[in-house]
There are 2 protein chains.
Amino acid sequence: MRTSRAVLASVRTIRSLVESPRLGEDATVNGWVRSVRRMKKVAFADIGDGTSADTLAVVLTPEQSKQLSTGACVQLSGKLSESPGNQKFELQVAEPVPGKPDPVKVLGPADQSYPLQKKFHTAEYLRTIPSFRWKTLGNSSVLRYRSYAQSRIARYFESAGFTQVSSPIITSSDCEGAGEVFTINSGEPDKNQKQPYFFGDKPAYLSVSSQLHLEVYAAALSRVWNMAPAFRAEKSDTNRHLSEFWMVEAELAFTESLKDVMTVAEQMIRAAVPDSAMAIDIIQSNKQSSSTKQETLKQRWQMLSQPKPWARVTYTEAVELLRKEFPSLKWGDSLSSEQEKHLAAHIIQGPVFVTDYPMHQKPFYMKKNAVSDETKATVACFDLLVPEMGELIGGSLREDDHQTLLSAMNDNNMNPDDLEWYLDLRKYGSFPHGGYGMGFERLVCFVCGVENIREAIGFPRWAGSCVC
Amino acid sequence: MRTSRAVLASVRTIRSLVESPRLGEDATVNGWVRSVRRMKKVAFADIGDGTSADTLAVVLTPEQSKQLSTGACVQLSGKLSESPGNQKFELQVAEPVPGKPDPVKVLGPADQSYPLQKKFHTAEYLRTIPSFRWKTLGNSSVLRYRSYAQSRIARYFESAGFTQVSSPIITSSDCEGAGEVFTINSGEPDKNQKQPYFFGDKPAYLSVSSQLHLEVYAAALSRVWNMAPAFRAEKSDTNRHLSEFWMVEAELAFTESLKDVMTVAEQMIRAAVPDSAMAIDIIQSNKQSSSTKQETLKQRWQMLSQPKPWARVTYTEAVELLRKEFPSLKWGDSLSSEQEKHLAAHIIQGPVFVTDYPMHQKPFYMKKNAVSDETKATVACFDLLVPEMGELIGGSLREDDHQTLLSAMNDNNMNPDDLEWYLDLRKYGSFPHGGYGMGFERLVCFVCGVENIREAIGFPRWAGSCVC
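Quantities reported herein were computed from a predicted structural model and do not represent experimental measurements.

What counts as what
Residues numbered from 1 in each chain as written. Chains lettered and ligands numbered in written order. Predicted model: local features only at pLDDT ≥ 70, side-chain atom pairs only at ≥ 80, totals over all residues. Heavy atoms only, no water. Least-squares fit on C-alpha atoms with pLDDT ≥ 70 in both. Contact = heavy atoms within 4.5 Å. Pairing = 2+ DSSP bridges. Helix = DSSP H or I, 4+ residues; strand = E, 2+ residues; numbered from the N terminus. Axes fitted to C-alpha atoms, helices over the stretch in contact; angles between N-to-C directions. 1 Å grid on protein atoms, 1.4 Å probe; cavity = no way out; pocket = protein on both sides within 12 Å on 5 of 7 lines; lining within 4 Å. Points joined across faces, edges and corners; volume = space filled by probe spheres on them. Nonpolar A, V, L, I, M, F, W, Y, C, P; charged D, E, K, R; others polar. Buried area = accessible area lost by both parts, 1.4 Å probe. Salt bridge = Lys/Arg side-chain N within 4 Å of Asp/Glu carboxyl O. Buried < 20%, exposed > 50% of the residue type's maximum accessible area, 1.4 Å probe, protein only. Lys, Arg positive; Asp, Glu negative; His and termini not counted. Polar contact = N/O pair within 3.5 Å; in protein donor to acceptor, adjacent residues only side chain to side chain. Domains from an automatic or database assignment.

Engineer: Is there a simple way to explain the relation of the copies chain A and chain B in this structure?
Structural biologist: Relating the two copies of this chain is a rotation about some axis coupled with a shift parallel to it. Mapping chain A onto chain B calls for a screw motion: a turn of 180° about the axis and a shift of 0.0 Å along it, with 0.0 Å RMSD after fitting. Taken together, the rotation angle and the small translation identify this as a two-fold axis. Identified as the residue of chain A closest to the rotation axis by C-alpha distance is I184(A), at 2.2 Å. Mapped onto chain B, 100% of the interface residues of chain A are again interface residues, and the two copies thus contact each other with one and the same surface.

Engineer: Help me out: how do you make sense of the sheet that holds strand β17 (residues 433-439) of chain A in this one?
Structural biologist: What links the strands of a sheet is backbone hydrogen bonding, and the strands pair in either a parallel or an antiparallel sense. Residues and elements named next belong to chain A. Ordered in space as β7-β11-β12-β17-β16-β15-β14-β13, the 8 strands form an open sheet in which the pairing is mixed. The two strands at the open ends of the sheet, each matched to only one other strand, are β7 (163-164) and β13 (311-314). Pairing of β13 with strand β14 (residues 352-355) involves 4 bridges; the strand directions are parallel. Bridging from a neighbouring strand, V313 pairs with V354 of β14. Across the sheet, helix α7 (residues 258-271) lies against β12 (244-253), β13, β14, β15 (381-386), β16 (390-397) and β17, angled at about 30° from β17, the strand it touches most.

Engineer: How should I be thinking about empty space enclosed by the protein in this particular structure?
Structural biologist: Empty space left among the atoms is revealed by rolling a probe the size of a water molecule over them. In the structure shown here, the tally under the stated rule is 6 cavities of 30 Å³ or more. Residue composition of the lining of the second largest cavity, by class: 3 nonpolar, 3 polar and 3 charged.

Engineer: Please clarify how the sheet that holds strand β10 (residues 204-206) of chain A should be interpreted in this entry.
Structural biologist: Reading across from one edge, β8(A)-β10(A)-β9(A)-β9(B)-β10(B)-β8(B) is the order of the 6 strands in this open sheet, with antiparallel pairing throughout. A strand with exactly one partner marks an edge of an open sheet, and here the two such strands are β8 (170-171) of chain A together with β8 (170-171) of chain B.

Engineer: What is the right way to read unusual backbone geometry from this model?
Structural biologist: Residues apart from glycine generally show negative phi values, whereas peptide bonds are mostly found in trans. All names here are of chain B. For D356, which is not glycine, the phi torsion reads 60° and is therefore positive. On the secondary structure map, D356 appears in the loop between β14 (352-355) and β15 (381-386). One non-glycine residue with positive phi stands out, namely C468, at about 80°. Locating C468 in the fold gives a position in the segment after α14 (440-448).

Engineer: How should I be thinking about the interface of chain A and chain B in this particular structure?
Structural biologist: A common way to state how big an interface is: give the accessible area lost once the parts meet. Counting residues at the interface gives 119 residues for chain A, matched by 119 residues for chain B. Note on chain A versus chain B: buried area summed over both sides is about 9900 Å², and carbon and sulfur give 61% of it. Applying the counting criterion to the chain A and chain B interface returns 2 salt bridges. For the side of chain A that touches chain B, the element with the most residues is helix α5 (residues 137-159) of chain A, which contributes 11 residues.

Engineer: I'm lost on the side chain of E244(A) in this one. Help?
Structural biologist: The topology assignment puts E244(A) in strand β12. Buried and unpaired, E244(A) has no salt bridge, with R461(A) as the nearest side chain of opposite charge at 4.3 Å. Here the side chain of E244(A) touches I169(B) through a polar contact of 2.8 Å, landing on its backbone nitrogen. Side-chain polar atoms of E244(A) contact the backbone nitrogen of I170(B), separated by 2.8 Å.

Engineer: Just checking my understanding: could you explain the domain arrangement of chain A for this structure?
Structural biologist: All names here are of chain A. The domain boundaries assigned to chain A delineate domain 1 (4-116) and domain 2 (133-455). The C-alpha centroid of domain 2 is placed 44 Å from the C-alpha centroid of domain 1. Each side of the interface is counted separately: domain 1 has 9 residues, and domain 2 has 7 residues. For the pairing of domain 1 and domain 2, the buried interface totals around 640 Å² over both sides, and the portion due to carbon and sulfur atoms is 51%.

Here is the structure:
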């Protein structure tokens, strides 16, 4: 690999230049012009290529700078030199020499109609220019964090003995109610086809969660995880929901304790807290934000990486704790988003696992806790709540007794035939297990301080909107 | 993380036991019974948990062994001891002590109707039992290799300065012809809805490739890659095609040379060649296969990791080379799968990049080569061919000139309005770039010697089949 990697190294990224500048050397740099400032005798430009939050400061003659405009793609050659200004170093563009390649080469011009002129743009405006919205400093940092978090989460799971699997996207299991799922077909949607369904005698859906399939994988491999797209056909128009989003899900065999599942969830998120380089990237990308926002972000990261284990309270305790602020709240009520945020931000002041919710609030597959009072039946589950965001993760132990699961399906008016393959896991070699799912974009919002989840994913989809 | 990881370590996987057995220690092991052999005075069982191709040999009394049956999930406690047999060590199950937990605990029984009794099962049969098919040694090894390859590919890209992105699955761009794409809608497929489309005034499709969206990411981040599901609504019933598969795609800004793109592709695959531990896992999982198959696999891995760079020939050269065997082949013809395999297996005898195909064979976005004879127009593209498999990767430089791309779309009878966002990338700050896509399951088939691609993915989907 050494030889080949050298080929790629012939084009240096701005990130590699910033990390090891080698002052005094000749360098050729590719990137897009972020800004140009022209004075009488000298001109300056900032060049970025998105590999880093840093831009490269470039010094050239006013004549040379005439070719540069905001948004243009350029290739510049010159010498890396110490900088007298704020930057640590700069590229001093060479003078043109007749008969040699021009040290200023415009690869792709951008005229004044370029939609990303140097000024503040609202998130709503940027969404209307999908080809360019990720070129802003703030947005590109979110994408770099996504990549960082994916990498760290993958490494965490690998170190903890988990196998990464790929759950299906197209599924015949419509386990959460037909109203919220997308159906798929081949050909034009309104055309009447002789064979109504591409996959046989049943409709097919887009997966709303990988969990049920992950349990099959866990039966084969013990510890599995998955990062895959999930889909909800909900028409809700909020800043927390998308029709298409990515979920990180894990399933752990041979545990009879919810604590193990929470431990994996906590370790996973701790692994995705920005390290110092990533932290600088995010802070730098928020340099136009208020210092309050920057402080908030730093506090969030500290909160996640606090030395002591994250708080764990039962639902019953949470209701007690919340009653001071919400006196009408009583056992059995669902916690509202406002209550969840209040619990994490003001009572616990940090991330908190709320466990053992009332059974009637939760899906059929969760394992029932032993209780003396059946009117207070609970299941072995948890929600992870964080300040200002609310729910980040939901998880549970899974019911592993065939008869109990069958009864739960009947109680939920489900047809067991539809999930025979899932029930089969309890018929032969059933195993105690549990797992959880995290909406990846929610983590991105929380860590990067993104207000609307539509800015946490490359090409957001919601009811009425599928641009590109 | 140290504290919490210890919690998980309290349940030791068979892989961790095999890697560091600590002989003489007491151990509790969870897993599924692969087989039981009962003699007069002693009984043996093999226990596996899917974390490794290894099983744990267990010694117990004939009385204790009565509880064990193939497929049952058990928890066994005893002492790890040196083994007199083939295994390096074994677990000697403790004798039961009244008042203490039984050293043999059946977590989930399996009676004789368990569909995976110890004998040979065909792949077709295993597909009919989706809940259990991944529990066989051979199949579970394929899943472990998938995870290994994903991890190594991710690490390679990270080391080469690529940002991992997530392209959209739902798209409004139907760029490869409506016949082959899946359409999506909400609600039941045949229901007439007032608003016909969930996402607005246009139908939405499942992505057939991330490439076009990856180019948007590359315009923001320079070097990007993606591993995402892709979908084809083709009715072809072959051992090489799936309706849902995973693609690894990469896009590289600031290259005007196809060589750079091929270099990245080659480095990526080299990174995914099994290391010694993974190689042992795959070979061990093929222990019931012929020794010929085991040799074939080893040869494939050696072929991929050969010290010299992989062969590169142009399409024109390939046609010349193939004419000896296929005399009727002439310039301009598509290479058949048979011809592709022949070229790689018999002429080159290894992986080979075939470059610069005739323009008329390839999609509109590929960059045209400069040629003197327009009847021999070619594009800067490549297919990577490997013996016995044929095409593994396709890639190209992308046309980055706005007018040329527009003409190419018109020549292909495409409506430029449908891809305005894609054309826009060439309007402002256009950049030379190229990239490629690899069907991940094809790599899995080649490396693991899987005959049918349906055995290379957890839950295969094809026309007429969507089990689970």
